[in-house]
Protein chains: 2
Amino acid sequence: MRATALPVLLQLQEKVGYPYTLISPDMYRWAAGGGGGWGTICGTVAAGACVINLAVPFGDIGKVVGELFGWYAETALPTKNHEAYAKFPNQVQSVATTPLCHASVSNWCAASGFKEGSKERLDRCAKLCGDVAAKTIELLNDYHSGKLAVVYNKVNPEAQSCFSCHVEGRNDTLTKMNCLPCHDNPHKK
Amino acid sequence: MRATALPVLLQLQEKVGYPYTLISPDMYRWAAGGGGGWGTICGTVAAGACVINLAVPFGDIGKVVGELFGWYAETALPTKNHEAYAKFPNQVQSVATTPLCHASVSNWCAASGFKEGSKERLDRCAKLCGDVAAKTIELLNDYHSGKLAVVYNKVNPEAQSCFSCHVEGRNDTLTKMNCLPCHDNPHKK
């Protein structure tokens, strides 16, 4: 988490200064391992969201955070932008399908064959810290230059029929995550 | 999210002062609705974790955050502590089973029959802000008085067989959440 917050904060501190100079990156450590190893939200996107919160007016935080979450959920990660300095080059990429640590790590372990406790998995998550920091900076730049494209505020086509009922009709849940990577479709039984 | 962070921060600002006086509760708005309506981590526990991060040494953040997450996942919420001033008294309680907004809201909608977009659901989540703030303060007091009991750093018995293989043996995932409320057991097929 800290590794994602730090580079964004440093840019804000160097280019804007106060009040970002009051903020320590050590304030963003709790979501490592999805928070105490619970695997809830991925610490990289939690850090990105925390910093977006610092640099976007209240009414637009959700819009920018949603773009970060959607990009994270649907992008093959880690990117190839680390190859020039990578200790573990050419790592397998995987798609998390949600912004959750647990899903992200599980899908990467399944795709790569490496264990959660492996050095390769730690390296993969370190690369994601950089990838998400870069995306966060890109989104903040886009937002503040009036160029933010809202591309992820839509239902994954795979889950359209779920959302038609559970979000819109019965309205008995709250999410933008794709349902099917976690839940079997109960209606097929 | 802000509604959970604020009362804890105010206590830290009043009783400790600097550096907590530098922190604005408006830094903790991004996780409302689980972050841009995505329903990832519940904003109340995200706020609690953010504030725990400010008031506990790095090495122990995960331990205290884990207790907050575990308590949230397994406790019938909202508590009855709001009855004296409640606009919607005697609300149905439900158990989230995870620290995730999406699961928490879904389970409460199922238990209560109210829609996600209802005033009753908004009131229920407002009550959770207070419940989680109170629990966060309790955990911080326990930690700093050397009385923190680690009661939630264990596998839910229902998921013991999942964890024996997927966390310990194959070691292909990362979580402390109970598996079965979200995933059907694939081995029963």
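Residues numbered from 1 in each chain as written. Chains lettered and ligands numbered in written order. Predicted model: local features only at pLDDT ≥ 70, side-chain atom pairs only at ≥ 80, totals over all residues. Heavy atoms only, no water.

Comments concerning helix H4 (residues 101-112) of chain A
Residues and elements named next belong to chain A.
So, point 1. Over its twelve residues, H4 runs 16 Å from end to end, which matches the ideal 16 Å to within 8%, given 1.5 Å per residue.
So, point 2. Those residues of H4 not exposed but buried are Cys101, His102, Ala103, Ser104, Val105, Ser106, Trp108, Cys109 and Ser112.
So, point 3. Where H4 is buried, its residues contact helix H3 (58-74), strand S1 (76-77), strand S2 (94-95) and helix H5 (119-144).
So, point 4. Glycine 113 sits one or two positions beyond H4 and adopts a positive phi of about 85°. (Helix = DSSP H or I, 4+ residues; strand = E, 2+ residues; numbered from the N terminus. Expected span 1.5 Å × (residues − 1). Buried < 20%, exposed > 50% of the residue type's maximum accessible area, 1.4 Å probe, protein only. Contact = heavy atoms within 4.5 Å.)

Side note on the layout of surface pockets
So, point 1. Taken as a whole, the largest pocket spans an internal volume of roughly 980 Å³.
So, point 2. Around the largest pocket, the lining is made up of 43 residues, and of these Cys179 and His183 of chain A together with His102, Ser106 and Cys182 of chain B lie nearest the centre.
So, point 3. Residues of the lining of the largest pocket, tallied by class, amount to 20 nonpolar, 18 polar and five charged.
So, point 4. Computed from the structure, the second largest pocket encloses a volume of approximately 760 Å³.
So, point 5. Around the second largest pocket sit 30 residues that line it, and His102 of chain A together with His166, Cys179, His183 and Pro186 of chain B are the ones nearest its centre.
So, point 6. Elements represented by at least two residues in the lining of the second largest pocket include exactly H4 of chain A together with helix H6 (160-169) of chain B.
So, point 7. Per element, the largest residue contribution to the lining of the second largest pocket is six residues, and it comes from H6 of chain B.
So, point 8. Taken together, the residues of the lining of the second largest pocket break down into twelve nonpolar, twelve polar and six charged. (1 Å grid on protein atoms, 1.4 Å probe; cavity = no way out; pocket = protein on both sides within 12 Å on 5 of 7 lines; lining within 4 Å. Points joined across faces, edges and corners; volume = space filled by probe spheres on them. Nonpolar A, V, L, I, M, F, W, Y, C, P; charged D, E, K, R; others polar.)

Some points on the interface of chain A and chain B
So, point 1. Taken together, the contact pairs 54 residues of chain A with 55 residues of chain B.
So, point 2. Buried surface at the junction of chain A and chain B, both sides included, amounts to about 4700 Å², of which 64% is carbon and sulfur.
So, point 3. By the criterion of area lost to chain B, the three top residues of chain A are Trp30, Trp38 and Leu174 of chain A, representing 20% of everything that side buries.
So, point 4. Inspection of the chain A/chain B interface yields 25 residue pairs in polar contact (both at pLDDT 80 or more).
So, point 5. Mapped by element, the contributors of at least two residues to the side of chain A that touches chain B are helix H2 (43-55), H3 and H4 of chain A.
So, point 6. Examining the composition of the side of chain A that touches chain B, we find that eight residues originate from one element, H3 of chain A, more than from any other. (Buried area = accessible area lost by both parts, 1.4 Å probe. Polar contact = N/O pair within 3.5 Å; in protein donor to acceptor, adjacent residues only side chain to side chain.)

Observations concerning the nonpolar core
So, point 1. One finds Tyr28, Trp30 and Tyr72 of chain A together with Tyr28, Trp30 and Tyr72 of chain B to be the most contacted residues of the largest nonpolar core, which totals 99 residues.
So, point 2. Contacts of tyrosine 28 of chain B, omitting those with residues within four sequence positions, involve Met27 and Asn53 of chain A together with Met1, Arg2, Ala5, Leu9, Ile23, Cys50 and Leu54 of chain B. (Core = buried A, V, L, I, M, F, W, Y, C linked by side-chain atoms within 4.5 Å.)

Notes on the packing of helix H2 (residues 43-55) of chain B against helix H5 (residues 119-144) of chain B
Residues and elements named next belong to chain B.
So, point 1. The N-to-C vectors of H2 and H5 enclose an angle of 25°; their axes lie 9 Å apart at closest approach. One finds that H2 runs roughly parallel with respect to H5. When the axes of H2 and H5 are compared, the crossing they make is right-handed. On H5, the residues that touch Thr44, Val45, Gly48, Ile52 and Ala55 of H2 are Cys125, Leu128, Cys129, Val132, Thr136, Leu140 and His144.
So, point 2. Its residues assigned to classes, the contact of H2 with H5 comprises eight nonpolar, four polar and no charged. (Axes fitted to C-alpha atoms, helices over the stretch in contact; angles between N-to-C directions. Parallel < 35°, antiparallel > 145°, perpendicular 65-115°, else oblique. Left-handed = near helix turned anticlockwise from the far one by under 90°.)

A short note on the environment of alanine 31 of chain B
So, point 1. Residue placement: alanine 31 of chain B occurs in the loop between helix H1 (2-15) and H2.
So, point 2. In this structure alanine 31 of chain B touches Met1, Ile41, Gly43 and Ala46 of chain B, once residues within four positions along its chain are discounted.

Section: the packing of aromatic side chains
So, point 1. Throughout the structure, instances matching the rule amount to four aromatic pairs over all chains.
So, point 2. Between tryptophan 108 of chain A and phenylalanine 114 of chain A, the aromatic rings sit 5.9 Å apart at their centres with planes inclined by 15°, giving stacked as the arrangement.
So, point 3. Relative accessible area serves as the criterion here: at 0%, tryptophan 108 of chain A is assigned to the buried category.
So, point 4. Its guanidinium or amino end placed over the ring of phenylalanine 58 of chain B, arginine 29 of chain A lies 3.7 Å from that ring's centre, counting from NZ or CZ. (Phe/Tyr/Trp six-rings, centres within 6.5 Å; stacked < 30°, edge-to-face > 60°. Lys NZ or Arg CZ within 6 Å of the ring centre and 35° of its normal.)

Just geometry here; none of it tells us what the structure is for.
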